[in-house]
Amino acid sequence: MLFLRILAFIVGLLAIAMGLLWVGQGTGVVMWPAESFMLADRAWAVRGAILAVVGGIIVWLARRGNGKT
């Protein structure tokens, strides 16, 4: 069970990082890579925010656990 909690924690962190990148690209703050279709597209900013929130929930659930280690 510990393995699954660690895996969920890592997946959640990656989802947060990817979501924040998408928000940055969608809002035009991060203009990398230059040929990306996601740049300055508000839909990707919304999708990134949703992904970051889902990642945060996964991290929270993974850290919460069941009281055992």
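Being a predicted model, the structure only gives us computed values, none of them experimental.

Colleague: Please provide a residue-by-residue account of helix H2 (residues 42-64), values included.
Modeller: Over its 23 residues, H2 runs 33 Å from end to end, which matches the ideal 33 Å to within 8%, given 1.5 Å per residue. By the burial criterion, the buried members of H2 are Trp44, Ala45, Gly48, Ala52, Gly55, Val59 and Ala62. Residues of H2 that are buried make contact with helix H1 (2-27).

Colleague: Describe the side chain of Gln25, listing the residues and the values that go with them.
Modeller: Mapping Gln25 onto the fold places it in helix H1. For Gln25, a relative accessible area of 4% gives the class buried. Polar side-chain contacts of Gln25 include one of 2.4 Å to the backbone oxygen of Trp32. In contact with Gln25, not counting residues within four places along its chain, are Val30, Trp32, Pro33, Ser36, Met38, Leu39, Ala40 and Asp41.

Colleague: Describe a nonpolar patch on the surface, listing the residues and the values that go with them.
Modeller: The grouping of Met1, Phe3, Leu4, Leu7 and Val11 at the surface amounts to a nonpolar patch, some 570 Å² of accessible area in total. Looking at the secondary structure, you find Leu4 in helix H1.

Colleague: I'd love a proper account of H1, names of residues and values included.
Modeller: Here H1 is 26 residues long and its end C-alpha atoms lie 37 Å apart, about the 38 Å a rise of 1.5 Å per residue gives. Among all positions of H1, only Gly12, Ala15, Gly19, Gly24, Gln25 and Gly26 are buried. Of the surrounding elements, those touching the buried residues of H1 are H2.

Colleague: So what about unusual backbone geometry? Which residues, and what values?
Modeller: Residues Trp32 and Pro33 are joined by a peptide bond in cis, for which omega reads -15 degrees. With respect to the secondary-structure elements, Pro33 resides in the loop between H1 and H2. Positive phi, normally seen in glycine, also occurs at Ala40, with a value near 55 degrees. Considering the arrangement of structural elements, one finds Ala40 in the loop between H1 and H2.

Rules of the game
- Each chain has its residues counted from 1, running along the sequence as written.
- Reporting of local features is limited, given that this is a predicted model, to residues whose pLDDT is at least 70; pairs of side-chain atoms are given and counted only at 80 or more, and all residues count toward the totals for whole chains, interfaces and linings.
- The side-chain numbers reported here are obtained from all heavy atoms of the structure, hydrogens and water having been left aside.
- In DSSP terms, a helix is any run of H or I states spanning at least four residues, a strand is any run of E spanning at least two, and both are numbered starting from the N terminus.
- For a helix, the expected span equals 1.5 Å multiplied by the residue count minus one.
- Relative accessible area decides the class of each residue, using a 1.4 Å probe on protein chains only: under 20% of the type maximum gives buried, over 50% gives exposed, and in between gives partly exposed.
- Every residue pair with non-hydrogen atoms within 4.5 Å of one another is taken to be in contact.
- Counted as a polar contact is a pair of N or O atoms within 3.5 Å, where, for protein atoms, one must be capable of donating a hydrogen and the other of accepting one, and residues adjacent in sequence contribute only when both atoms are in side chains.
- Each patch groups residues whose relative accessible area exceeds 30% and which form no salt bridge, using 9 Å between like charges and 5 Å between nonpolar side chains of Val, Leu, Ile, Met, Phe, Trp and Tyr.
- Methods summary: accessible areas were calculated by the Shrake-Rupley approach with a probe of 1.4 Å, and residue burial reflects only the protein chains presented.
- We count a salt bridge whenever a side-chain nitrogen from Lys or Arg sits within 4 Å of a carboxyl oxygen from Asp or Glu.

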